[in-house]
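Single-letter residue listing:
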Amino acid sequence: MNILKLKKEILPLTELYEKFSKDIFRYSLSILKNEDEAKDAVQEVFVKYAESESSFKGDCSQKTWLLVITRNYCYNRISNKGFNSGSIDSEVLRRSYENNFEVVISLKDALKTLTSEQNELLYLLEYEGYSYKEIAELTAQTIENVKIKIYRARKKLREILK
Amino acid sequence: MTKVEDLEIKISEYIDGELPENEIQELFSLLAENQKARKVFEDFLKLKKNVSHFYSNIDFNSNPIPDFREKHTKPKYKSLFYYSAAASIVFAVLLLWRFSVSGSMNAQYSELQKEHIKLQENYTTLLEEKIELIKLNNLVAQKLSESNSQVMNSKNSSKSDKKTKSKTIPKKTINKPKSSGKMLASLRNVSTVEITKSDFLGGQVIGN
């Protein structure tokens with residue numbers, strides 16, 4: 001998917017919601033790591049989209065615009081006080097490492113051990129199918145940084161799930 | 001970064017389809033020699049599939065579609081409607097009040113106009129009466145001066161009578177006023193008393 005490709009078809013808001021609300025939820029979940037927060041994020045993202053619809057110039061796809069709004073909202077939400085992220089119990093992990101205590105950790109829990117940024121990159125890469133270049137544009141960083149961060153996320157997941 | 005890490009990064013790039021073509025052959029030759037690197041390759045490939053599968057299975061109930069547009073856009077129109085309705089009500093009340101005030105003011109104005117006309121008529125009447133009074137006053141003064149001069153003449157004539165008896169001054173017949181009291185009364189009550197010709201001396205009313 002070319003992030004810069006112009007999408008001529010502009011969907012109305014209701015169709016946009018039907019088509020992309022699940023993706024926005026998944027993207028929000030990858031960053032926020034909390035289902036309730038992710039559900040709220042979906043609502044807020046589409047509200048913000050509706051409010052800024054007139055300023056959408058069509059220089060990117062509507063989905064990309066939604067993802068940008070989602071990213072901004074989620075990271076703002078994380079930086080707010082009182083944000084409750086769903087992180088895995090660190091005590092469980094510590095005991096599993098120290099005592100060779102066999103703890104079945106699901107991929108879901110393992111993903112929660114990653115940072116929001118690592119989760120976000122894996123989501124955009126594995127699920128959305130974006131290239132390194134597209135991810136770098138969306139997240140405002142270099143391709144080299146994207147490459148390194150993805151590798152480190154995979155390495156950490158591999159160690160936890162081993 | 002270590003060589004092991006460099007190799008693992010290249011493995012990660014390759015499974016994402018991001019490794020340049022000129023480096024792929026080198027990577028395969030390294031994988032052929034390194035079992036651990038092959039293990040990393042297999043694990044990274046499994047993770048890629050599992051993470052993709054994980055996110056695909058996440059369900060989100062998007063039905064019913066929430067009224068987020070109504071929630072955030074209707075109030076704008078609603079508030080506009082309420083403001084405009086309130087403004088129109090206020091405007092209508094102001095208009096009604098103005099018309100009612102102007103109506104009462106018109107009635108007051110017409111009343112004042114009528115009074116003004118009445119006062120003007122009264123003024124005109126009084127002015128006429130004043131003019132009549134002045135005329136009368138002038139007449140009286142004239143007559144008094146005439147009578148005084150006659151008295152003086154009669155005195156003089158009595159003295160000169162001894163010398164020239166032939167000269168006689170014709171006597172004018174003077175009609176004395178029937179009563180001076182009536183004239184005084186007429187002077188006092190101009191508006192109520194009729195003034196006739198016979199009230200003046202000699203039947204001659206100067207000015208008529």
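Residues numbered from 1 in each chain as written. Chains lettered and ligands numbered in written order. Predicted model: local features only at pLDDT ≥ 70, side-chain atom pairs only at ≥ 80, totals over all residues. Heavy atoms only, no water.

As for the overall build of chain B
The secondary structure content of chain B amounts to 5 helices and 0 strands. Ordered by position in the sequence, the α and β elements of chain B form the string α-α-α-α-α. Burial statistics for chain B: of 208 residues in total, 15% are counted as buried. Contacts in chain B between residues far apart in sequence, at least 24 positions, make up 59% of those at least 6 positions apart. Of the roughly 16900 Å² that chain B leaves accessible, carbon and sulfur atoms contribute 58%. (Helix = DSSP H or I, 4+ residues; strand = E, 2+ residues; numbered from the N terminus. Buried < 20%, exposed > 50% of the residue type's maximum accessible area, 1.4 Å probe, protein only. Contact = heavy atoms within 4.5 Å. Areas by Shrake-Rupley, 256 points an atom, 1.4 Å probe, with all protein chains shown as cover.)

What about the interface of chain B and chain A?
Contacts between the two partners involve 30 residues from chain B and, on the opposite side, 38 residues from chain A. For the chain B and chain A pair, buried surface summed over both sides reaches about 3300 Å², with 68% attributable to carbon and sulfur atoms. Where chain B packs against chain A, one counts 6 salt bridges. Residues aspartate 16 of chain B and arginine 154 of chain A are paired through a salt bridge, measuring 2.6 Å at the closest nitrogen-oxygen approach. Where chain B touches chain A, the interface holds 13 residue pairs in polar contact (both at pLDDT 80 or more). Of all the secondary-structure elements, those providing two or more residues to the side of chain B that touches chain A are helix H1 (3–15), helix H3 (35–57) and helix H4 (68–161) of chain B. Residue contributions to the side of chain B that touches chain A peak at 12 residues, all from H3 of chain B. Of the residues in the side of chain B that touches chain A, the class split is 14 nonpolar, 6 polar and 10 charged. (Buried area = accessible area lost by both parts, 1.4 Å probe. Salt bridge = Lys/Arg side-chain N within 4 Å of Asp/Glu carboxyl O. Polar contact = N/O pair within 3.5 Å; in protein donor to acceptor, adjacent residues only side chain to side chain. Nonpolar A, V, L, I, M, F, W, Y, C, P; charged D, E, K, R; others polar.)

Considerations on the side chain of serine 21 of chain A
You can see serine 21 of chain A is positioned in helix H1 (residues 13–32). At a separation of 2.9 Å, a polar atom in the side chain of serine 21 of chain A contacts the main-chain carbonyl oxygen of tyrosine 17 of chain A.

Topic: unusual backbone geometry
All names here are of chain A. Phi is positive for lysine 33, which is not a glycine, with a value near 55 degrees. Residue position: lysine 33 is located in the loop between H1 and helix H2 (35–51). For lysine 33, a relative accessible area of 13% corresponds to the buried category. Even without being a glycine, alanine 140 presents a positive backbone phi close to 55 degrees. Its place among the elements puts alanine 140 in the loop between helix H7 (132–139) and helix H8 (143–161).

A word on the pattern of salt bridges
All chains considered together, the criterion is met by 19 salt bridges over all chains. Note that lysine 22 of chain A and aspartate 59 of chain B form a salt bridge whose closest N and O atoms lie 3.9 Å from each other. Taken as a pair, lysine 22 of chain A in helix H1 and aspartate 59 of chain B in the loop between H3 and H4 lie in two separate chains rather than in one. Ionic pairing is found between glutamate 23 of chain B and lysine 10 of chain B, a salt bridge with its closest N-O pair at 3.8 Å. Highlighted residues: glutamate 23 of chain B in helix H2 (residues 21–33) and lysine 10 of chain B in helix H1, separated in sequence by 13 residues. Owing to a relative accessible area of 24%, lysine 10 of chain B belongs among the partly exposed residues under this scheme. Because the salt bridges share partners, they merge into one network encompassing Asp23, Arg26, Lys63 and Glu128 of chain A.

Let's talk about the confidence of the model for chain B
Residues and elements named next belong to chain B. A residue-level look at chain B finds 68% of positions with pLDDT of 70 or above and a mean pLDDT of 78. In the model, residues 202–208 has pLDDT below 50 throughout and makes 12 contacts with residues more than four positions away in sequence or in other chains. As scored by the predictor, the complex reaches a pTM of 0.56 and an ipTM of 0.79. (pLDDT = per-residue confidence, 0-100.)

Thoughts on H8 of chain A
Taking 1.5 Å per residue as the helical rise, H8 of chain A with its 19 residues ought to reach 27 Å, and the 27 Å between its terminal C-alpha atoms agrees with that figure. Those residues of H8 of chain A lying buried are Val146, Lys147, Ile148, Ile150, Tyr151, Ala153, Arg154, Leu157, Arg158 and Ile160 of chain A. (Expected span 1.5 Å × (residues − 1).)

Quick look at the packing of aromatic side chains
According to the stated counting rule, one finds 9 aromatic pairs over all chains in the structure shown. A ring pair is formed by tyrosine 123 of chain A and tyrosine 127 of chain A, whose centres lie 5.3 Å apart and whose planes are at 25 degrees; its orientation type is stacked. Here tyrosine 123 of chain A and its partner tyrosine 127 of chain A are both found in helix H6 (residues 116–127), 4 residues apart, which amounts to about one turn of the helix. The partly exposed category is assigned to tyrosine 127 of chain A, whose relative accessible area is 23%. When the centroid spacing of 5.3 Å and the interplanar angle of 75 degrees are considered together, the rings of tyrosine 14 of chain B and phenylalanine 28 of chain B count as edge-to-face. Here phenylalanine 28 of chain B lies in helix H2 and tyrosine 14 of chain B lies in helix H1, a separation of 14 residues in the sequence. Its relative accessible area of 27% is what places tyrosine 14 of chain B among the partly exposed residues. These aromatic residues form a ring-pair network of at least three members: Tyr27, Tyr123 and Tyr127 of chain A together with Phe54 and Tyr55 of chain B. (Phe/Tyr/Trp six-rings, centres within 6.5 Å; stacked < 30°, edge-to-face > 60°.)

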